[in-house]
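Chains, contacts and geometry: an overview
Read off the chains here:
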Amino acid sequence: MAIRAVALHGASPPYGESSLTFYATGLIPTLSFVYMSRFMGYSLLTNRAMLAFPRVKILDVLFGRAALEFISSVITIVLLMIILWALGEKPFPTDLDRAVICYFATIYLALGCGTLVGVLSMLQPMIMTMYQLSTIVIYVLSGTVFIPSNLPYSVGNALSYLPVTVCVEWMRTAYYETYSDRLVYVNYVLWFATIALLLGLALEKFLRGRLLE
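Residues numbered from 1 in each chain as written. Predicted model: local features only at pLDDT ≥ 70, side-chain atom pairs only at ≥ 80, totals over all residues. Heavy atoms only, no water.

Quick look at the environment of Thr115 now. You can see Thr115 is positioned in helix 4 (residues 96-123). Under the relative-accessibility criterion, Thr115 is labelled buried at 0%. Spatially, the C-alpha atoms of Thr115 and Ala66 are 9.1 Å apart, while their sequence positions differ by 49 residues. Discounting chain neighbours no more than four positions away, the residues touching Thr115 are Met40, Leu62, Phe63, Leu197, Gly200 and Leu201. Only 2.7 Å separates the side chain of Thr115 from the backbone oxygen of Leu111, close enough to count as a polar contact. (Helix = DSSP H or I, 4+ residues; strand = E, 2+ residues; numbered from the N terminus. Buried < 20%, exposed > 50% of the residue type's maximum accessible area, 1.4 Å probe, protein only. Contact = heavy atoms within 4.5 Å. Polar contact = N/O pair within 3.5 Å; in protein donor to acceptor, adjacent residues only side chain to side chain.)

Listed below in structure tokens is the structure:
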């Protein structure tokens, strides 16, 4: 954020009055999703030895890591808000309820995807490497540094199939009253998260013996 602010010094932000606030609205949901889902995926690979203890289950490791990443995410957001406020910015949303709901929906999405990726990575570790690389694509296409709804209709709609992009657009509608909600498909995000979570839980249940080999 600091690098972009210096590089674009004097230039108008893509939306609103502050470039830092605009980029923050994209970074909060994007990085919250990426870090939680990615480290949940890594948790089973890096803590496999813990599964040797009978009382430690696969889901204990997964959800334990999710709780840790959630706490880390909250602390990061609080610090970011304090820093932006200290710099004279206005980092607080105009619709706090909408912003909070969007944040927790993003966390739910990360939980679902992280569970699925974590279980699949135990079956084939290469899947974790592929997911790690895909997070770069997610960051680029999420709309963190641009406005997806301003793109041509077909391009914007294509990007909305990426649920993180929907979360970014959703978060920005909580900050800017006149921001377009054309790509905000709340039900899509929730269904995507739920299906990913259920698939992950089902695979863990039915393939538990193979996963522990």
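Still more to cover.
Further remarks concern helix 3 (residues 58-86). With 29 residues, helix 3 extends 42 Å between its outermost C-alpha atoms, agreeing within 8% with the 42 Å of an ideal straight helix rising 1.5 Å per residue. Ile58, Val61, Leu62, Ala66, Glu69, Ser73, Ile77, Leu80, Met81 and Leu84 are the residues of helix 3 that are buried. At the C-terminal side of helix 3, Gly88 shows a positive phi close to 90°. (Expected span 1.5 Å × (residues − 1).)

Orientation of helix 2 (residues 19-46) relative to helix 7 (residues 163-175), taken along the N-to-C sense of each, is 140°, at an axis distance of 9 Å. The angle between helix 2 and helix 7 falls in the class oblique. Helix-helix and strand crossings are classified by hand; for helix 2 and helix 7 the assignment is right-handed. Contacts between helix 2 and helix 7 involve Thr21, Phe22, Thr25, Gly26, Ile28, Pro29, Thr30 and Phe33 from the first element and Val164, Cys167, Val168, Met171, Arg172 and Tyr175 from the second. (Axes fitted to C-alpha atoms, helices over the stretch in contact; angles between N-to-C directions. Parallel < 35°, antiparallel > 145°, perpendicular 65-115°, else oblique. Left-handed = near helix turned anticlockwise from the far one by under 90°.)

Of all hydrophobic cores here, the largest spans 48 residues; its most connected members are Ile28, Phe33, Leu109 and Met171. At the level of secondary structure, the elements contributing two or more residues to this core comprise helix 2, helix 3, helix 4, helix 5 (126-141), helix 7 and helix 8 (186-206). If near-sequence neighbours (up to four positions away) are discounted, Ile28 is found in contact with Ile77, Leu80, Met81, Tyr103 and Met171. (Core = buried A, V, L, I, M, F, W, Y, C linked by side-chain atoms within 4.5 Å.)

Turning next to the packing of aromatic side chains. Taken as a whole and judged by the stated rule, the model has ten aromatic pairs. Geometrically, the ring pair formed by Phe70 and Tyr103 is tilted, given 6.3 Å between the ring centres and 35° between the ring planes. Taken together, the residues span a long stretch of sequence, with Phe70 in helix 3 and Tyr103 in helix 4 at a distance of 33 residues. Judged by its relative accessible area of 10%, Tyr103 falls in the buried class. Taken together, the aromatic side chains of Tyr15, Tyr175, Tyr176 and Tyr179 make up a single cluster linked through ring pairs. Here the guanidinium or amino end of Arg38 rests over the ring plane of Phe39, the centre of that ring lying 5.2 Å away. For Arg172, the ring lying beneath its charged end belongs to Phe22, and the centroid distance is 3.9 Å. (Phe/Tyr/Trp six-rings, centres within 6.5 Å; stacked < 30°, edge-to-face > 60°. Lys NZ or Arg CZ within 6 Å of the ring centre and 35° of its normal.)

Moving on, we get to helix 7. With 13 residues, helix 7 extends 19 Å from end C-alpha to end C-alpha; this agrees with the ideal 18 Å at 1.5 Å per step. For helix 7, the buried fraction is high: 13 of the 13 residues fall into the buried class.

Attention shifts here to a nonpolar patch on the surface. A contiguous nonpolar patch, built from Leu31, Tyr35, Leu133, Ile136, Val137, Tyr139, Val140, Leu141 and Val145 and spanning about 760 Å² of accessible area, is present on the exposed surface. Breaking the nonpolar patch down by element, the ones donating at least two residues are helix 2 and helix 5. The dominant element in the nonpolar patch, judged by the number of residues it contributes, is helix 5, at six residues. Along the chain, Leu31 turns up in helix 2. (Patch = residues over 30% accessible without salt bridge, like charges linked within 9 Å, V, L, I, M, F, W, Y side chains within 5 Å. Areas by Shrake-Rupley, 256 points an atom, 1.4 Å probe, with all protein chains shown as cover. Salt bridge = Lys/Arg side-chain N within 4 Å of Asp/Glu carboxyl O.)

Contact geometry of helix 2 with helix 4 gives a least axis separation of 7 Å together with a crossing angle of 25°. As far as their axial angle goes, helix 4 and helix 2 are roughly parallel. The element helix 2 and its partner helix 4 pack so that their crossing is right-handed. Residues that form the contact of helix 2 with helix 4 fall into these classes: 16 nonpolar, eight polar and no charged. (Nonpolar A, V, L, I, M, F, W, Y, C, P; charged D, E, K, R; others polar.)

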